[in-house]
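Notes for the structure review
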Amino acid sequence: MTNLLAILFDGAIYASWLFLVAAGLTIIYGVMRVLNMAHGSFYAIGAYSAASLVGWYFSGQTGNPYWSYLLLLGSALVAGTLVGVAIERGLLRFLHGKDEILMVIVTYALLLILEDVTKLVWGVDPYFANQPYRLLGQTEVGAVLRFATYDLALIVVTVAIGLTAWFVLNRTNKGRLLRAVIHDREIAVAMGVNVDAMFTVTFAIGSVLGALAGALTAPAISVTPGIGVEVIVLAFAVVVVGGLGSIGGAAAGAVLVGLARSVAVHMAPEMELFVIYGVMFLVLAFRPQGLFGQTLVRRI
Amino acid sequence: MTFQDRFKSTESALVATAVLLAAGAFVMPAWLSFLLTLAFAKALVVLGVVIQMRAGLVSFGQALFFCIGGYGVGLGAQALGISDAFLLLALGTLAAVLLALICGFLLTRYREIFFAMLTLALSMILYGVLVKSSALGSTDGFNVAPPSFLGWEPEGETRKQAVYLLTVAIAAATAVGFHRYLESGLGRVMEAIRENEIRVDYLGLSPRWLLFANYVFAAAISALGGGLTAIASGHIDPDMAFWTTSGEFVFIAILGGTGHVAAPFIGAIVFSVIRTFAIQEAPHYWQMALGIVLLGLILFLPKGLWSLIARRKLQVAK
Amino acid sequence: MQHLPRKPSHPIRPIAVALSLALAAGAVGAADNGKYRIGIVTFLSGAAAGPFGVPAANAAKLTVDTLNAGKLPAPYNVKGINGVEIETVIIDEAGGATKQTEEFRNLVQRQKVDAVIGYISSGDCLAIAPAAEELKVPTIFFDCGTSKVFETVKNPKYLFRTGLDAVVDNVAAARYVVETRPQLKTVASIQQNYAWGQDSWNDFILALKQIKPDVKVVSEQWPKLAQGQYGAEISALSVSNPDVIHSSFWGGDMEALMQQGGARGLFDKRIAVLTAGETGVERFKDQVPNGTIVGGRGPFGAFAPKNALNDWFRPAFTAQYKEPPTYPAYKMVQAILGLKAAAEKGGKAGMPGAEQVVQGLTGLSFEAPSGTVQMSRAKGHQAVQSVSFGEYQYDAKSGKASVTKVKTYAGDCLMPPDGTAPADWIKAGFPGAKCN
């Protein structure tokens, strides 16, 4: 019983984190057809800006500690927007419509560059900003299990972000335009949609989501160089399992991978290493386009 | 110039370059010949990526066969006690071909990003298996004893030269062989498959079986590259199968271009030279230096370094 | 795939020119300038840069600058090495073993270094070991922990290690745990799933069961290296409810684990043993409970003794880099000082040759900020030193962290005699161990 509870809670926490990491990636791919290797760098930049800002806030030791949560969100918003818009306007807009693989390689070069840029800005020493993590205390679940309330709150935040994304895409005019672009770019252009502006906005939203994932994770970890690279393949796996370009797919992929990992850790910790690739392999073997992916129309 | 002439002139140019590089072994500094050895070994894997790219498939898991080739050599030397370089390389290549025959069945059903991610998943599963094998040193890997060459056991720098010459010879032979393959009907069909698979189907050819053959060829030369890397560096570890290794191969493939069999070799050399000097000149920020240079090359030469040469040849022809 | 439009043509010449210029620059850059060149290889990027690589690189810079100014305390007060000015060439260790073998050759053959000091990753050490012997360049491993280095190179001549291997750490950890927690019944493990974690746990549990056979293992967790999120593992550890949790986590992963575990009360009634915990002592603050057992992979960092060299090193490093030196920094100084002591041993003046350094270092006993280092294992190529463990203590009022209840185990208590595999030695009940 305790085990089952633990599996469910751990799975949900990990799944919500995975979704946060993967959502930005899938949105950017869906609209722009860019599989963004530099997404991990957005995560790292978000984590670094949040950790340094929150660290600075608490070193002053004045003010209400609960404001630090706003700082987390704010730093991700600012850093994500700045970096996203700079990269899209400064580089990617010259490459719209290029081969998908070329774009993967371009963003890979970006990843290399951003990795050292973060080092240049923040150095190699780890950043700690754990106050927001401790502030909410523990929540007891069952007899022996105690969770950090922050992690549980993260589930709620993630669900809220997911619902917002769904609402914007499905219930607003801008969102409908975006879906039109996702569905068929050429027709959308022909109908007068300003795709260039759409791309910039999308890329900024994607990078903000990446930075947000980093910023919300920062309080629970020690922010060090290389954290960005580690999340890329995870995010890729989740997105591919769910179906590229689909928000719902990313959510489904995150839940599946999150639960699978949680089961592995509790039942067979030795297998943890294989879980993600195992799930990806199995899903693709039976559903090549991912859980929620659209089947491609074959041109004759 | 007729087609036949061009065919022959490319081959003689490849052989002449190889002879020149081989002769260079006796004049170039030792570090350079070692760098070239590893670059050529890497280029073989990149060639494996390139021939699949020509068919429209991008493998993000070519490191799978690179690693199998390396571990084939390592295990052949350690567990089976084989010391001959040719036998070891054959062993690694054979293992890769067998694995490719199995994986190919599944993978040739997939296209585009799904092919890429599945190949990635397979190589990461091998990575996981190796990490869990403490008998094989887990992530530390293990060292490969220096091989002999048909009974000849050179020492020290002579051995490094021998490995270099072997690599140049194998690379040249592979390049000539694959040039013929790319120019052959089969090789041409690969491009047709990339452009429109269904039409190829209508021609009465089976794209799936053609891609399967292509996949197995790619696996074989990638394993050869892995085996040569293991012999040259004397060490193998699971990093050979890690996704970043595959990423590097794709990167070099794009850098060199897919237009010619020589392109991966040019790409691999340029990549290695840029990297080593970035590391030397900017030890703290070499990744950024490498990233900027490569980004520049990709932006201004989207068809790869080979396009420079192709253009020049076009001008000369005019 | 789409086809890309053709761009206007460029001649091929620029690339050829750039390449040959680069090659020429490489050859010229290595001109003989009469200085003693040391190649320093350590992580400057990636996860290992912050906790290990950069502190070590900083320590190297500080030590070499001070040596060149002739300002180190005796017996190292001769300028540079043997009066010859030292120059360092620093290289990033990131990128894997194959790349490192290539860069090692570049260091020796292109940059013409006279000696190489470096390598934190065990895989890199294994790959470099035969190359060092082949290129006949004095090579000192300052940190890597694999016990297989001198199994790979059985008759070393140019290869040395001035640090200890990880077996030693874990035998000491087992002894410390049993001595300070004799009532211990259950133990759990959480390790990064790679060679270092696997070896550390195997050595620790082997030694622990040898010393206290009735100990039970209740959980083994194997998250990936740099996983960062340990939620599920922490739940599993909590459910299994061990007395002691052993972990060889290092750097950011270790700090994240302590953070997340601490916030969930994992360590409220359970003691964590962190074999590489010393690098966190100055950062843990109140996030890690008092009583957590930490090690420093030798008498380094917070465990360093009081002597003239440490009285120079610790304040000088703290002043220059705004934080006290951790164990990787100590180990780097130790390697450089070992090299210097070896080169100056024969008393021959001027630029020391490779043979002179190698002969001097074999079996040498030299002083370092960590005390006396004896190169007395692996035919005089492997250092023997004591290992210390202690408990973390944080004083909230002063904001100062320290390590208390320190126990130090002599090298001869923890290391098998030459020629015996560590695992066999532990299983046989530590024959010949001399413990105080």
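About the cut-offs
Residues numbered from 1 in each chain as written. Chains lettered and ligands numbered in written order. Predicted model: local features only at pLDDT ≥ 70, side-chain atom pairs only at ≥ 80, totals over all residues. Helix = DSSP H or I, 4+ residues; strand = E, 2+ residues; numbered from the N terminus. Buried ≥ 20, exposed ≤ 12 C-beta atoms within 10 Å, placed from the backbone. Contact = placed C-beta atoms within 7 Å. pLDDT = per-residue confidence, 0-100. Nonpolar A, V, L, I, M, F, W, Y, C, P; charged D, E, K, R; others polar. Axes fitted to C-alpha atoms, helices over the stretch in contact; angles between N-to-C directions. Parallel < 35°, antiparallel > 145°, perpendicular 65-115°, else oblique.

Here's the deal with the overall build of chain A
Within chain A, the secondary structure is distributed over twelve helices and two strands. Mapped in sequence order, the helices and strands of chain A form the string α-α-α-α-α-β-β-α-α-α-α-α-α-α. Dimensions of chain A, computed from the C-alpha atoms along their principal axes, are close to 60 × 45 × 35 Å. Taking all 300 residues of chain A together, the buried fraction comes to 58%. Within chain A, residue pairs in contact and separated by at least 24 positions form 78% of the contacts whose partners lie at least 6 positions apart.

Points about the confidence of the model for chain C
Parts of the prediction with low pLDDT should not have their coordinates interpreted in detail. Residues and elements named next belong to chain C. With 93% of its residues at a pLDDT of 70 or more, chain C shows a mean pLDDT of 89. Element-level mean pLDDT values for chain C span from 50 in helix α1 (residues 13–29) up to 97 in strand β4 (residues 139–141). Note that pLDDT drops below 50 for residues 1–18; the model gives that stretch 16 contacts with residues more than four away or on any other chain. The complex model carries a pTM of 0.90, and its ipTM stands at 0.90.

Observations concerning the interface of chain C and chain B
Facing the 38 residues of chain C at the interface are 38 residues of chain B. Elements supplying a minimum of two residues to the side of chain C that touches chain B: α1, β2 (86–92), α3 (97–110), α4 (122–135) and α7 (195–211) of chain C. Among the elements that make up the side of chain C that touches chain B, the one with the highest residue count is α3 of chain C (nine residues). Taken together, the residues of the side of chain C that touches chain B sort by class into 17 nonpolar, 15 polar and six charged.

Quick notes on the packing of helix α2 (residues 39–60) of chain A against helix α4 (residues 100–122) of chain A
Residue and element names in this part refer to chain A. Across the interface, α2 lies against α4 with an axial gap of 9 Å and an inter-helix angle of 10 degrees. By the angle between their directions, the pair α2 and α4 is classed as roughly parallel. For the pair α2 and α4, the contacting residues are G40, S41, A44, I45, Y48 and S52 in the first and L111, L114, E115, T118 and W122 in the second. Across the contact of α2 with α4, the residue classes tally to six nonpolar, four polar and one charged.

Notes on the interface of chain A and chain C
The interface of chain A with chain C comprises 40 residues on the first partner and 37 residues on the second. Broken down by secondary-structure element, the contributors of at least two residues to the side of chain A that touches chain C are α1 (2–32), α5 (131–135), β2 (145–148), α10 (227–242), α11 (247–267) and α12 (272–286) of chain A. Tallying contributions element by element places α1 of chain A first for the side of chain A that touches chain C, with seven residues. Looking at the side of chain A that touches chain C residue by residue, the class counts come to 19 nonpolar, nine polar and twelve charged.

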